[in-house]
Amino acid sequence: LIIASCFGSQANLPVMKLLNGMKGVADVVQNLDIAVGEGLLERAGPFFMFVHDSIQQSVYELTPKNEQVQLHVDIGLMLISNGSHASRDTVGELFASAVSHINMALPKCDGGDAAINFTLSQHIVFAKLNLKAGQKAVNEKLDFSLAGVHLKAGISFLPQNSWSDQYDLTLQLYDEYANVLF
């Protein structure tokens, strides 16, 4: 239930299958089916839905904040690493979901959750993933708002010395971000 709660009020069956093995759970879907039997979730086609938002919220909030952040990063990384097992029609959605989960590790503007200390190479990879997600949002959906969210997150992942060490990536992120703002 904790993994499903990270997706909000509903979780997609094909995505949940890609998370098998996470947090020691061999079969995530089987565990979700048990929760359906206990009346905590409902299943409608390929979706598992919490029967009430307060259940999802309670499950999510029972997890300590630092573990929530790490869990989101782990979900994002696992979705990316297992994405080759996804069907063609879900790859785009899967990629966007993975990047959004990874972005949960960024510190909040209100001084809330603490960010995870990533390696330099992880910062660069996450910045590149957000650049790609931002470009996809514009090119495939014409969703400038979503593109702005990803591009701003990509800029946040850039290391301090990015203008000298990662010039092309830094320029692309700032250029794309400026374009979606206007």
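On a predicted model such as this, the values are computed, not experimentally measured, just so you know.

> Give a detailed account of a nonpolar patch on the surface, specifying residues and quantitative values.
A grouping of Trp163, Tyr167, Leu171 and Tyr174 is seen on the molecular surface, where their side chains present a nonpolar patch of about 410 Å² in accessible area. Ranked by residue count, the leading element in the nonpolar patch is helix H10 (residues 167-181), at three residues. The topology assignment puts Tyr174 in helix H10.

> Could you give an account of the environment of Thr63, with specific residues and numbers?
As for its placement among the helices and strands, Thr63 is situated in the loop between helix H4 (53-61) and helix H5 (65-82). The class for Thr63 is buried, based on a relative accessible area of 9%. Every residue in contact with Thr63, bar those within four places of it in the chain, is listed here: Ile2 and Gln68.

> Account for the packing of helix H7 (residues 120-141) against helix H8 (residues 144-157), with residues named and values stated.
H8 packs onto H7 with a crossing angle of 165 degrees between their chain directions and a minimal axis gap of 8 Å. As judged from the angle between their axes, H7 and H8 are roughly antiparallel. Once H7 is placed against H8, the crossing between them reads as left-handed. Contacts between H7 and H8 involve His123, Phe126, Ala127, Asn130, Leu131, Ala133, Gly134, Ala137 and Val138 on the former and, on the latter, Phe144, Leu146, Ala147, His150, Leu151, Ala153, Gly154 and Phe157. For the contact of H7 with H8, a count of residues per class yields 12 nonpolar, five polar and no charged.

> Go over H8, please, and point to the residues and values.
Its 14 residues give H8 an end-to-end C-alpha distance of 20 Å, which sits within 8% of 20 Å, the value for a rise of 1.5 Å per residue. Buried residues of H8: Ala147, Gly148, His150, Leu151, Ala153, Gly154, Ile155 and Phe157, and no others. Where H8 is buried, its residues meet helix H6 (91-103), H7 and H10. You can read the cap of H8 off the contacts: a side-chain oxygen lies 3.3 Å from the backbone nitrogen of Ser145, and it is on Asp143.

> Pulling in residues and values, what's your account of the packing of aromatic side chains?
Under the defined criterion, the tally for this structure stands at five aromatic pairs. An aromatic cluster of three or more residues is present, and its members are Phe118, Phe126 and Phe157. It is Lys132 that lies over the ring of Phe95; its NZ or CZ is 5.5 Å from the centre.

What counts and what doesn't
By convention here, each chain's residues receive numbers from 1 onward along its written sequence. Only residues with pLDDT of at least 70 are given local features in this predicted model, and only at 80 or more are side-chain atom pairs given and counted; all residues enter the totals for whole chains, interfaces and linings. Only hydrogens and water are removed before side-chain values are computed, so all heavy atoms of the structure are retained for them. By definition, no residue in a patch forms a salt bridge, and every one has over 30% relative accessible area; like charges are joined within 9 Å, nonpolar side chains (Val, Leu, Ile, Met, Phe, Trp, Tyr) within 5 Å. With residues, only the protein chains shown are counted as cover, and all accessible areas are computed by Shrake-Rupley using a 1.4 Å probe. By convention in these notes, a salt bridge is any Lys or Arg side-chain nitrogen within 4 Å of a carboxyl oxygen on Asp or Glu. Going along the chain from the N terminus, every DSSP run of H or I of four or more residues is numbered as a helix, and every run of E of two or more is numbered as a strand. Exposure classes here rest on a 1.4 Å probe applied to the protein chains alone. A residue is buried below 20% of its type maximum, exposed above 50%, and partly exposed in between. We call two residues in contact when some of their heavy atoms are within 4.5 Å. Simply put, an axis is a line fit to the C-alpha atoms, just over the touching stretch for a helix, and the angle between two N-to-C directions goes from 0 to 180 degrees. Between 65 and 115 degrees an angle is taken as roughly perpendicular, under 35 as roughly parallel, over 145 as roughly antiparallel, and anywhere else as oblique. Here a crossing is called left-handed whenever its near helix is offset anticlockwise from the far helix by less than a right angle, and right-handed whenever the offset is clockwise. Polar here means any residue other than Ala, Val, Leu, Ile, Met, Phe, Trp, Tyr, Cys and Pro, which are nonpolar, and Asp, Glu, Lys and Arg, which are charged; Gly is therefore polar. Multiplying 1.5 Å by the residue count of a helix minus one yields the expected span of that helix. In protein, a polar contact requires one atom able to donate a hydrogen and another able to accept it; more generally it is a pair of N or O atoms within 3.5 Å, and residues adjacent in sequence count only if both atoms are side-chain atoms. Two rings belonging to Phe, Tyr or Trp (six-membered ring only in the last case) form a pair when the distance between their centres is within 6.5 Å. Interplanar angles under 30 degrees mark stacking, angles over 60 mark edge-to-face geometry, and anything in between is tilted. Here, a charge over a ring means that NZ of Lys or CZ of Arg falls within 6 Å of the ring centre while also lying within 35 degrees of the ring normal.

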